[in-house]
Amino acid sequence: MLLSGRIPAHVAIIMDGNGRWAEMRGLPRIEGHKRGAERTREVITAATEVGVNTLTLYAFSLENWKRPDEEVSMLMKLLEFYLKKEFSELIKRGIVFRTIGEIWRLPENIQALLKDAEEKSLRNKGMNLVLALSYGGRNEIIRAVKKAMNLGVKPGDVTEAYFDSLLDTSGLSAPDLIIRTSGEKRISNFLLWQAAYAELHFTDTLWPDFTREEFFLALHDYQMRERRFGTVNARAER
Ligand code: FPP
């Protein structure tokens, strides 16, 4: 099913629909998040298997802080559980781990676990796994502008490449494919600058039902697209 040779280097995913999945079954929302976390694990493995270079996952947005305290605290507990349980295994498998977003707003124990995972994976050579946590695209852009102003950068020195280097995603390639589950067709403040030329794949499947097979279907959809980057050449690649 997968065509060889055109695996997107960077796949980014808006993992949406956990709450609806649980509500449809009369379960508490956290049950949807738990099932969603299992799918996250499955998709990370699938991405490493097919040779994706960077996988970015929108795990917690800045807007998500406005959810009821109970749900936020359950999500943090779930993240803590996975960081403790799964990440040493992922790091052993060669994954390079990093985060984007306002990490300083997360509970201190989570910050420590994230820092530890980043440091331990620094010399790895495998897939980049990027967790967007307490993340918002506009906020990231504003922080980058402030960095430039604090550095006293002259307007003439602000190039796209320089601006890229001020973003949380500095050093990573832009996403080639952005997937959003659950039927919503929005970017929702995710990687706003970086998404300029990304192919978008929307599916009605709720994240807790998004299996590795569905992930491969999304890659297949990407493989069928023509990417022109504003030029006229069919299948032009950057
Ligand atoms: C969106 O569903 C999902 C989130 C806000 C959190 C994403 C978290 C996970 C997939 C699990 C935890 C992740 C890790 C890395 C351990 P929603 O609650 O917005 O669903 P709804 O739109 O149906 O309400």
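Structure first, text after, so check above.
Note that the structure is predicted; figures quoted are calculated from it, not measured.

### Quick notes on the pairing of strand 3 (residues 96-100)
So, point 1. Of all five residues making up strand 3, four are buried, and the element is well covered by its neighbours.
So, point 2. Pairing analysis gives five bridges linking strand 3 to strand 4 (residues 128-135), with the strands arranged parallel. Residue pairing for strand 4: isoleucine 100 is matched across the bridge by alanine 132.
So, point 3. With helix 5 (residues 108-121) bridging strand 3 and the parallel strand 4, this β-α-β connection has left-handed handedness.

### Considering the packing of helix 3 (residues 69-85) against helix 5
For any two helices packed against each other, the geometry is given by the interaxial angle and the distance between the axes.
So, point 1. Relative orientation of the contacting elements helix 3 and helix 5 amounts to 30°, with a least axis distance of 10 Å. By the angle between their directions, the pair helix 3 and helix 5 is classed as roughly parallel. The handedness of the crossing between helix 3 and helix 5 comes out as left-handed. Contacts between helix 3 and helix 5 involve Met76, Leu79, Glu80, Leu83 and Lys84 from the first element and Asn109, Ile110, Leu113 and Leu114 from the second.

### What to know about the layout of surface pockets
So, point 1. Of the volumes computed, that of the largest pocket is approximately 800 Å³.
So, point 2. Counting only elements with at least two residues in the lining of the largest pocket, the list comes to helix 1 (18-24), helix 2 (29-50), strand 2 (54-61), helix 3, helix 4 (87-92) and strand 4.
So, point 3. A per-element tally of the lining of the largest pocket places helix 2 first, with seven residues.
So, point 4. Taken together, the residues of the lining of the largest pocket break down into 19 nonpolar, 10 polar and eight charged.

What counts, and at which threshold
- Residues numbered from 1 in each chain as written.
- Predicted model: local features only at pLDDT ≥ 70, side-chain atom pairs only at ≥ 80, totals over all residues.
- Heavy atoms only, no water.
- Buried < 20%, exposed > 50% of the residue type's maximum accessible area, 1.4 Å probe, protein only.
- Helix = DSSP H or I, 4+ residues; strand = E, 2+ residues; numbered from the N terminus.
- Pairing = 2+ DSSP bridges.
- Right-handed = clockwise from strand over helix to strand, strands pointing away.
- Axes fitted to C-alpha atoms, helices over the stretch in contact; angles between N-to-C directions.
- Parallel < 35°, antiparallel > 145°, perpendicular 65-115°, else oblique.
- Left-handed = near helix turned anticlockwise from the far one by under 90°.
- Contact = heavy atoms within 4.5 Å.
- 1 Å grid on protein atoms, 1.4 Å probe; cavity = no way out; pocket = protein on both sides within 12 Å on 5 of 7 lines; lining within 4 Å.
- Points joined across faces, edges and corners; volume = space filled by probe spheres on them.
- Nonpolar A, V, L, I, M, F, W, Y, C, P; charged D, E, K, R; others polar.

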